[in-house]
Structure formats: structure tokens, C-alpha cells
Amino acid sequence: MSSEPGLVPELAVTDYEASRRFWCDLVGFSLRYERPEEGFGYLVLGNAHLMLDQIDQGRTWATGPLDLPLGRGINLEVQTEELDSAWHRMAEAEWPIFVEPEEKWYRAGDVEIGVRQFLVQDPDGYLVRLQEEIGERPLPKVHPDQSQDVRSSD
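Nothing here was measured: the structure is a model prediction, and the numbers come from that model.

Conventions we followed
- Numbering of residues starts from 1 in every chain and runs along the sequence as written.
- It should be noted that, the model being predicted, local features are given only for residues of pLDDT at least 70 and side-chain atom pairs only at 80 or more, the latter also being counted only at that level, while totals for whole chains, interfaces and linings use all residues.
- As a rule here, side-chain values cover all heavy atoms of the structure and leave hydrogens and water aside.
- Criterion used throughout: strands pair if DSSP finds at least two bridges between them.
- Strands are runs of DSSP state E lasting at least 2 residues, helices are runs of H or I lasting at least 4, and numbering of each runs from the N terminus.
- To define axes, lines are fitted to C-alpha atoms, for helices over the stretch in contact only, and angles between the resulting N-to-C directions are given on a 0 to 180 degree scale.
- Only buried Ala, Val, Leu, Ile, Met, Phe, Trp, Tyr and Cys residues count toward a nonpolar core, and they belong to the same one when joined by side-chain atoms within 4.5 Å.
- To sort residues, take the accessible area from a 1.4 Å probe on protein chains only and compare it with the maximum for the residue type: under 20% means buried, over 50% means exposed, and anything in between is partly exposed.
- Any two residues whose heavy atoms approach within 4.5 Å are treated as being in contact.

Engineer: What exactly am I supposed to notice about the sheet that holds strand β2 (residues 30-35) here?
Structural biologist: Strand order across the open sheet formed by four strands is β1-β4-β3-β2, with mixed pairing between neighbours. Taken across any chain shown, the strands that pair with only one partner, and hence form the sheet edges, are β1 (10-13) and β2. Across the sheet, the mean angle separating the axes of adjacent strands is 20° when strand polarity is ignored. With five bridges connecting them, β2 and strand β3 (residues 40-45) associate as antiparallel partners. Among the inter-strand pairings, R35 is bridged to a residue of β3, identified as F40.

Engineer: Looking at this structure, how should I read the nonpolar core?
Structural biologist: The biggest cluster of nonpolar side chains holds 27 residues, and the ones touching the most others in it are W23, F29 and L130. At the level of elements, β1, α1 (16-27), β3, β4 (48-54), β5 (75-79), α2 (83-92), β7 (111-121) and β8 (127-138) are the ones that each hand at least two residues to this core. In this structure, L130 is in contact with V27, V78, L83, A86, M90, R116, Q117 and F118, ignoring residues within four places of it in sequence.

Engineer: So what exactly am I meant to see when it comes to unusual backbone geometry here?
Structural biologist: When glycine is set aside, most residues are seen to have a negative phi, and most peptide bonds are trans. Residue P69 is reached from L68 by a cis peptide bond, and omega for that bond is -5°. Note that P69 resides in the loop between β4 and β5. You will see that D56, though not glycine, has its phi angle at about 65°, which is positive. Position of D56 relative to the elements: it lies in the loop between β4 and β5. Judged by relative accessible area, D56 falls into the exposed class, the value being 68%.

Shown next, in the form of C-alpha cells:
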């Protein structure tokens with residue numbers, strides 16, 4: 001059985017070099033390999049894998065117009081053990097923050113999973129949610145006379 005991920009998103013990008021700098025220098029990915037003549041790179045951060053492919057350089061599989069911001073309707077969750085380091089690199093680069101750092105607890109079956117996270121957009125507008133797990137806890141007890149509205153978009 002392979003330890004490689006079963007799903008690796010390939011992002012169509014307008015400027016491969018700018019995207020590679022964002023994902024590697026700010027987020028913290030490393031370059032596994034690249035084909036610069038095609039504007040292509042394969043990036044890895046822990047178990048997260050991602051491909052970048054410059055639009056109209058080599059093959060571009062576009063199913064419709066590639067209008068900015070790209071990736072509307074999706075956010076790419078990237079789990080990291082170095083959230084503070086990524087945050088400091090973003091701040092030092094004065095990169096715009098979409099959602100400021102927060103602690104959030106999400107219901108997952110009969111427990112809640114805690115994360116610290118913040119969101120940014122890459123140079124093409126893809127929404128990136130960097131998060132670090134902080135633990136697990138039982139669901140809060142609810143008294144019979146109280147209603148509970150537990151929602152999670154994740």
C-alpha cells in the first residue's frame with residue numbers, strides 16, 4: 001500500500017514563480033520536483049501535497065473561464081505543526097489575512113476537535129486555511145430544557 005496521498009489538488013496559477021514563493025516561502029511547503037519550462041511544481045508539507053501549474057504554459061485543463069479570484073467555492077485546509085511560524089512569515093511579508101488567527105472547536109461525531117487556524121488567499125485568490133490541531137474533547141452536556149444548535153461547515 002502506498003503512503004502517497006490519494007488526492008493531490010493541482011492549482012491553475014497565473015504566475016508559477018509567484019505562487020511557488022507563496023506556497024514555499026510563506027506557507028512552508030518544500031519543492032519535491034518541478035518542470036520550470038512548463039511552469040509546474042509538486043509541493044509537499046508533511047502529509048499535504050499540492051501541484052502548481054501555470055495557465056497556458058504546457059497543458060491547461062480549463063473547464064471554463066479562469067477569472068480571478070480562482071478557486072471560488074473551495075478552501076484548501078493545510079494541517080501544519082508550525083502554525084505560528086507560518087503566521088510570522090505572513091506578517092513579516094505583510095500578506096493580507098482573510099480570517100485572523102482563531103481557536104475553533106468542530107463537532108466530529110461524539111467529540112469536538114480543536115484547532116488553531118487562520119485563512120489567507122494565495123496570489124491567484126485560492127483560499128488557504130492553515131490549521132494546527134490542539135486536541136479533542138467530549139461534546140458539551142446539554143440540559144434537557146436547553147436546545148443545542150451545533151453547526152460545522154467543516
